[in-house]
Amino acid sequence: MSALLVCPPLAPASAGVEYGWALAADDGQTLLSQGSAPLALLPAGHEVTVIVSGAALSWHQVTLPQGSLSSPVRLRSVLDGLLEDRLLDEPQSLHFALEPSARTGAPVWVSACQRIALRAALQALEGAGRRVMRIVPEFTPQPDAAPARLYATGDTEAPVLTVCDATGVVALPLSPAALALAGGNAPLDTAVINAEPAVAAQAEALFARRVPIVQAAERWMQAARGPWDLAQFDLATTGRARAGKKFTQIVQMLRHAPEWRAARWGAVVLVAAQLVGLNAWAWKERGVLDAKRSAVSRLLTDTFPSVKLVVDAPVQMAREVAALQQATGGVSPLDLEPMLGALATSLPPGRTPSAIDYTSGQLRLRGLGLSPDEAGKLASTLAARGYGARSEGDLLLIQAESR
């Protein structure tokens, strides 16, 4: 499913204020469309990723003490204490978010923004029927070994240079003085620089080289592909929704990430090989089964030529054998004599039935007076001889078991 990236205004605004948006393909790398529109006119039918503008965030690096990650309440209290002296606002009025895979005893990046403004933007989106899946910062600090990233944004009247490096994120005017300050913190010869179309000419004049043009929507897609998610603490969604978002991210990565292309082709080849192998095995087994059925049918028709139509060979064979035995005077387990012989050797001593009834291979006897234990032992003994026996009150029913 394509993803809708929305950059809402986090300052108080009128109802008709426009939201910047970008529609990305399901691979997360192809820009389908972009623009700005009031909340009610945003593209519908897509899950929303909120992009928090760089101007709304401040960045702070702290070292978490041991045990601070044991619960969200304790972590929030620890962050309030660590950041209280670094913030211009009261910690209670700010929303904090930790970097992915944060751990204690090591430097950790913490983002801060106005809680009320961010919550209001999220509630406005949810109220308009837009399901927010993630909250992503527009700019983030870079790892220690990564080159710095410089972004020239804004318009010709107020261009901004945003520097993202291992020391944090800072926004400066796009000017020689700001460039000198940025060069002191991050080597410009290895930095990755890009500019929005409106300020591209100013950026090229300042850096004295060609600067790649990257639109804001493309920058948002790059931010959305990162691991950051500001939906933490009181803005965190339920555990089921978090698991769903994580699963969706993993599925999207497995489906579209270039580094997983070989694995995807390998999975396709493996599934295809399994399907071909299963079909070949099923075809072979079906042939063996059909051959056995044909052999049984031929045995029946060869033995009893009077059988012209084979429907159920084993049942028809048993019926023909029983008829042949009856016609020739042979004795089968279904006859009365074998059943009485088996019963005589299995009954407890001194037990004689008062009534005997034989019909169609079933023998019914009354008056034996068997106790439950005796009836159980009798059934076990007769089962070994190929007969089933069950008691129904004073009645004992015996019949040959099907083979």
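Scroll up for the structure.
Below is a short write-up of the structure. On a predicted model such as this, the values are computed, not experimentally measured, just so you know.

Summing up its helical and strand segments, the protein chain has 10 helices and 16 strands in all. The buried share of the protein chain, reckoned over its 403 residues, is 34%. Partitioning the intrachain contacts of the protein chain with sequence separation of at least 6 by distance along the chain shows that 53% fall at a separation of at least 24. Working note: accessible area of the protein chain is about 22,900 Å², and carbon and sulfur atoms make up 58% of it.

Together, Glu-84, Asp-85, Asp-89 and Glu-90 give the surface a local cluster of negative charge. When you line up the elements, Glu-90 lands in the loop between helix H1 (72–83) and strand S6 (94–98). Residue classification places Glu-90 among the exposed positions, given a relative accessible area of 55%.

Attention now moves to the pairing of strand S16 (residues 395–400). Of the strand pairs in this sheet, strand S14 (residues 362–366) and S16 are connected by five bridges, and their pairing is antiparallel. Along S16, the bridge assignment pairs Arg-364 with Leu-397. Of the strand pairs in this sheet, strand S15 (residues 387–392) and S16 are connected by six bridges, and their pairing is antiparallel. When the sheet's bridge partners are listed, Gly-388 is paired in S16 with Gln-399. What sits between S15 and S16 in their antiparallel hairpin is a turn of two residues, with Gly-393 showing a positive phi close to 70°.

Attention shifts here to the side chain of Ser-346. Mapped onto the fold, Ser-346 is located in the loop between helix H9 (336–344) and strand S13 (355–359). Accessibility expressed as a relative area gives 12% for Ser-346, which makes it buried. A polar side-chain atom of Ser-346 sits 2.8 Å from the main-chain carbonyl oxygen of Ala-342. If sequence neighbours within four positions are ignored, Ser-346 has contacts with Leu-378, Thr-381, Leu-382 and Arg-385.

This brings us to the sheet that holds S6. Either a parallel or an antiparallel arrangement is found when strands of a sheet pair, and the pairing is made through backbone hydrogen bonds. Spatially, three strands are ordered S5-S7-S6 in an open sheet, and the strand pairing comes out antiparallel. Each edge of the open sheet is held by one strand with a lone partner, namely strand S5 (58–63) and S6. When the angles between neighbouring strand axes are averaged without regard to direction, this sheet yields 30°. Strands S5, S6 and strand S7 (107–114) of the sheet are contacted by H1, whose axis makes an angle of about 105° with S6. Sheet strands in contact with helix H2 (residues 115–127) are S6 and S7, and its direction is about 70° off that of S7.

Here we come to the nonpolar core. In this structure, Leu-42, Val-50, Val-52, Leu-118, Leu-125 and Ile-135 are the most contacted members of the largest nonpolar core, which totals 27 residues. Among the elements that make up this core, the one with the highest residue count is H2 (four residues). When near neighbours in sequence (up to four residues on either side) are disregarded, Leu-125 contacts Val-6, Leu-39, Leu-42, Val-48, Val-50, Arg-130 and Val-132. Counting residues in each nonpolar core, the second largest holds 17 residues, with Ala-152, Ala-182, Ile-193 and Phe-207 among its members.

This paragraph deals with the pairing of S14. In S14, alternate side chains face the same way, and those of Leu-363 and Leu-365 are buried while those of Gln-362, Arg-364 and Arg-366 on the opposite face are not. Where S13 lies against S14, five bridges are found, and the strand directions are antiparallel. Following the sheet pairing, Asp-357 is matched in S14 by Arg-364. Connecting S13 to the antiparallel partner S14 that follows it, the hairpin turn spans two residues, and Ser-360 within it adopts a positive phi of roughly 50°.

Definitions and cut-offs
Residues numbered from 1 in each chain as written. Predicted model: local features only at pLDDT ≥ 70, side-chain atom pairs only at ≥ 80, totals over all residues. Heavy atoms only, no water. Helix = DSSP H or I, 4+ residues; strand = E, 2+ residues; numbered from the N terminus. Buried < 20%, exposed > 50% of the residue type's maximum accessible area, 1.4 Å probe, protein only. Contact = heavy atoms within 4.5 Å. Areas by Shrake-Rupley, 256 points an atom, 1.4 Å probe, with all protein chains shown as cover. Patch = residues over 30% accessible without salt bridge, like charges linked within 9 Å, V, L, I, M, F, W, Y side chains within 5 Å. Salt bridge = Lys/Arg side-chain N within 4 Å of Asp/Glu carboxyl O. Lys, Arg positive; Asp, Glu negative; His and termini not counted. Charge placed at Lys NZ, Arg CZ, Asp CG, Glu CD. Pairing = 2+ DSSP bridges. Polar contact = N/O pair within 3.5 Å; in protein donor to acceptor, adjacent residues only side chain to side chain. Axes fitted to C-alpha atoms, helices over the stretch in contact; angles between N-to-C directions. Core = buried A, V, L, I, M, F, W, Y, C linked by side-chain atoms within 4.5 Å.

Scope: geometric values only; no functional claims are made or implied.
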